[in-house]
Amino acid sequence: MTQSNEPARTPGAPASGETSPSLYGGRGSRRVTVRDIAAAKRRGEKWPMLTAYDAVTAAVFDEAGIPVLLVGDSAGNAHLGYDSTVPVTLDQMVMMSAAVVRGTRRALVVGDLPFGSYQEGPVQALRNATRLMKEAGVGAVKLEGGERSAEAIDLLVRSGIPVMAHIGLTPQSVNAYGGHPVQGRGEEAAERLRRDAKAVQDAGAFSVVLELVTAELAAQVTGELAIPTVGIGAGAECDAQVLVWTDMAGMTDWPGGRKPRFVKEYARLREVLGDAAKAFAEDVVGGDYPAAEHSFR
């Protein structure tokens with residue numbers, strides 16, 4: 001299944017098969033495109049993005065009307081049991097991205113380029129982004145870095161691959177940061193982030209993730225850019241907001257109970273799933289499952 005390249009509707013007017021011009025909750029027979037994302041910025045519409053790593057979860061979010069799903073290398077922490085995103089491979093990203101595409105009908109699916117898949121330069125970035133497009137069917141790719149990644153973004157966009165940029169805290173550089181510090185504090189750091197934001201916009205990125213950026217600076221950058229900003233720990237003024245789905249749904253077991261300040265849990269699925277597993281186990285041990293209605297004659 002591949003993503004549609006159908007042009008976006010005129011802002012404020014429904015496209016063929018759509019009942020509403022809004023990104024969130026819209027219904028229709030085609031995929032959300034990067035041009036729809038640009039139109040939402042012009043309308044001043046805020047929109048949600050969630051991560052997804054498999055077809056079943058992606059289908060739930062797609063049916064809920066989430067317009068953009070990110071197959072993030074956050075799967076390393078949230079799905080694959082790694083301590084960081086660094087070990088995630090391109091083969092894993094292709095497999096998970098393909099599953100998310102198969103599980104969805106409307107959402108724009110964005111696939112992450114993992115650590116080591118684009119740092120050598122634009123040609124490596126193009127080769128590996130092409131794999132995500134051709135083998136997984138994603139509608140766009142995401143890569144980390146501002147000015148340092150501008151040449152790669154430019155080549156990908158000129159080659160027909162939409163790019164979501166990612167600046168501020170970039171998790172693939174966790175070993176260089178020595179932690180997860182808030183970005184943009186101080187005049188020099190703020191100016192550097194502004195340069196990164198302008199660089200990815202000028203290179204052709206259709207949107208940019210701002211991670212762990214001070215709320216005031218994120219608001220300023222959002223007002224300065226023509227492309228949408230997607231905040232995660234970057235305050236309320238970004239054009240969109242993203243959360244890792246396992247964090248959002250209360251599936252994450254935070255070490256020492258230290259949940260990041262920006263995470264809001266909208267459910268406690270870890271408890272629900274644990275209770276269901278215990279109930280199943282107790283039925284099996286007690287001889288109550290399978291009952292007659294679960295057996296064949």
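Right above here is the structure, for reference.
About the cut-offs
Counting restarts for each chain: residues are numbered from 1 in the order of the written sequence. pLDDT decides what is reported in this predicted model: residues at 70 or higher carry local features, side-chain atom pairs at 80 or more are listed and counted, and totals for whole chains, interfaces and linings draw on all residues regardless. Side-chain calculation: all heavy atoms of the structure are included, whereas hydrogens and water are not. In this description, strands pair whenever DSSP reports at least two bridges between them. Secondary structure elements follow DSSP: runs of H or I no shorter than four residues count as helices, runs of E no shorter than two count as strands, and numbering proceeds from the N terminus. Here an angle of 0 to 180 degrees is reported between the N-to-C directions of two axes, which are lines fitted to C-alpha atoms, with helices fitted over the stretch in contact. Residues enter patches when they are more than 30% accessible in relative terms and free of salt bridges; like-charged ones are connected within 9 Å and nonpolar ones (Val, Leu, Ile, Met, Phe, Trp, Tyr) within 5 Å. All accessible-area figures derive from a Shrake-Rupley calculation using a 1.4 Å probe, and residue coverage is judged against the displayed protein chains alone. Criterion for a salt bridge: a side-chain nitrogen of Lys or Arg within 4 Å of a carboxyl oxygen of Asp or Glu. Only protein chains enter the accessibility calculation, which uses a 1.4 Å probe; a residue whose area is less than 20% of its type maximum is buried, one above 50% is exposed, and one in between is partly exposed.

## Some words on the sheet that holds strand β5 (residues 163–168)
Within a sheet, neighbouring strands are paired by backbone hydrogen bonds and run either parallel or antiparallel to one another.
Right, on to step 1. Read around the closed barrel, the eight strands follow the order β1-β2-β3-β4-β5-β6-β7-β8; overall the barrel is parallel. With direction set aside, neighbouring strand axes in the sheet form an average angle of 25°.
Right, on to step 2. As defined by bridge partners, strand β3 (residues 108–112) adjoins strand β4 (residues 140–144) across three bridges and the pair is classed as parallel. Bridge pairing in β4 links valine 110 to alanine 140.

## Quick notes on a nonpolar patch on the surface
Right, on to step 1. Together, Phe280, Val284 and Tyr289 make up an exposed nonpolar region whose accessible area comes to about 290 Å².
Right, on to step 2. Here valine 284 lies in helix α11 (residues 269–285).
Right, on to step 3. By relative accessible area, valine 284 is classed as partly exposed at 40%.

## Thoughts on the pattern of salt bridges
Right, on to step 1. Per the counting criterion, the structure on display carries 14 salt bridges.
Right, on to step 2. For the salt bridge of aspartate 91 with arginine 131, the shortest nitrogen-to-oxygen distance reads 3.0 Å. Of this pair, aspartate 91 sits in helix α4 (residues 90–102) while arginine 131 sits in helix α5 (residues 122–136), and the two are 40 residues apart along the sequence.
Right, on to step 3. On the basis of relative accessible area, arginine 131 is assigned to the partly exposed category, the value being 24%.
Right, on to step 4. With a closest N to O distance of 3.8 Å, arginine 270 and aspartate 253 form a salt bridge. Here the residue arginine 270 occupies a position in helix α11, and aspartate 253 occupies one in the loop between α10 (245–248) and α11, the gap between them amounting to 17 residues.
Right, on to step 5. A residue is classified by how much of its surface remains accessible, and arginine 270, at 41% relative accessible area, is partly exposed.
Right, on to step 6. Several salt bridges share partner residues, and in doing so they unite Asp91, Arg131 and Glu135 into one network.

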